[in-house]
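Analysis of the macromolecular model
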Amino acid sequence: MLRFPALLAVVLVALAPPAPAQDADAPGLLVMAHGGDPAWNASVEDALAPLRERYPVAVAFGMADPASLGAGVAELEGRGAGRAAVVRLFLDGRSFLHQTEYFLGLRPDAPDQFVLHGPSGGHGGSHGGAHGEHGPPAPVEHGLALALSPDGLMQADEVAEVLAARAASVSENPAAESVLVLAHGTGDDVENARWVAAMERLTGGLREAGYHAVRVETLREDWPEPRAAAERAIRAFVAAETEAGRTVLVVPFRLSGFGPYAAVLDGLDYRAAEAGILPHPAVADWVEREYRTVVARAGWEAPAP
């Protein structure tokens, strides 16, 4: 005989609405992400969980790594997909774009330089560098029709919602607070200015929230000389705001975590929203929007929303 709790559980399961059925003919979705430690990767998988209920989804971790790209397209082919949209969960839509297109067979010419990191991401993987004596590495073999999104999260309006939420999570009195949005940045001055402009565009919600000031900075993490200057500017801003009696709220413009910012800000007074853009449901919204845009642009039929 079923006891009452067990009986209740059976009734609830019976009454629960069925999970959305996945359309067998739906184009697949290949999501590329930098990759990191298990927690970093799990944050990406968690973000994509709602989409797996509706579309065939595979994830390729790494910086356009041919092994993980090969595994991703093979997974989609194994599930019966004949075509797939590729959405890259990178901040900058230009990151590894040429390399991605080459490895997936979307362009014939190899990039002059390859950046090859393993699927675990980070900077401990192998660097490809220039072509070796045997020429460039071979593209991934697959039978999928592929279409690729050119955009990254810097072009995503949804990220504005995330930045505003992160600041609000540590805010106590916006009028007496200033927000510092920090990102990785690049070594090239022109490219770094493009990053800053894209980030500025996404701070509208912050600027409407009544904070005293909103400042966007890039650390330019991998380039020692620009980084030294960036660190001085970042620390000077925090020190000046503190001296003026305001609290600085630091919001990372990163996919996951707080990166090296605690070390950069060591000894200064501030409050940090230490989560990156993930976890937040807006990320899945953006990935799905990009997927459907790519599918429509390719002239394929997408399942109903």
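1. Observations concerning the overall build of the protein
Helix and strand content of the protein: ten helices and ten strands. When each of the 305 residues of the protein is scored for burial, the buried share is 45%. A separation threshold of at least 6 residues defines the contact pool for the protein, and within that pool the share at least 24 residues apart is 71%. Accessible surface, the protein as shown: approximately 14,400 Å² in total, 56% of it carbon and sulfur.

2. A few points about the packing of helix H5 (residues 158-170) against helix H10 (residues 281-298)
The contact between H5 and H10 brings their axes to 9 Å, and the two run at 175 degrees. Taken together, the axis directions place H5 and H10 in an arrangement best described as roughly antiparallel. Contact residues: H5 offers Glu158, Glu161 and Val162, while H10 offers Ala282, Asp285, Trp286 and Arg289.

3. What about the sheet that holds strand S1 (residues 28-33)?
Here we have four strands laid out as an open sheet, ordered S2-S1-S3-S6, and parallel in their pairing. The open sheet has two edge strands with one neighbour each: strand S2 (57-61) and strand S6 (145-148). For this sheet, the mean inter-axis angle between neighbouring strands, taken without regard to orientation, is 25 degrees. Here six bridges tie S1 to strand S3 (residues 83-89), and the two strands are oriented parallel to one another. Residue Leu29 lies in a different strand from S3, and its bridge partner there is Ala85. Against the sheet, helix H2 (residues 38-52) contacts S1, S2 and S3, and its axis sits at roughly 160 degrees relative to S2. Relative to S3, H10 is tilted by about 140 degrees, and along the sheet it contacts S1, S3 and S6.

4. Observations concerning the sheet that holds strand S10 (residues 271-272)
Here four strands make up an open sheet; going across it, the order is S8-S7-S9-S10 and the pairing parallel. Across the chains shown, the open sheet's two edge strands, defined by having one partner strand only, are strand S8 (213-218) and S10.

5. What to know about unusual backbone geometry
Between Leu278 and Pro279 the backbone carries a cis peptide bond, its omega angle lying at 0 degrees. When you line up the elements, Pro279 lands in the loop between S10 and H10. Even without being glycine, Phe96 reaches a positive phi, approximately 55 degrees. By the element assignment, Phe96 lies in the loop between S3 and helix H4 (97-103). The phi angle at Arg220 is positive, at roughly 55 degrees, despite the residue not being glycine. With respect to the element layout, Arg220 can be found in the loop between S8 and helix H8 (224-243). For Arg220, a relative accessible area of 11% puts it in the buried group.

Rules of the game
- Residues numbered from 1 in each chain as written.
- Predicted model: local features only at pLDDT ≥ 70, side-chain atom pairs only at ≥ 80, totals over all residues.
- Heavy atoms only, no water.
- Helix = DSSP H or I, 4+ residues; strand = E, 2+ residues; numbered from the N terminus.
- Buried < 20%, exposed > 50% of the residue type's maximum accessible area, 1.4 Å probe, protein only.
- Contact = heavy atoms within 4.5 Å.
- Areas by Shrake-Rupley, 256 points an atom, 1.4 Å probe, with all protein chains shown as cover.
- Axes fitted to C-alpha atoms, helices over the stretch in contact; angles between N-to-C directions.
- Parallel < 35°, antiparallel > 145°, perpendicular 65-115°, else oblique.
- Pairing = 2+ DSSP bridges.

Structural measurements only, silent on function.
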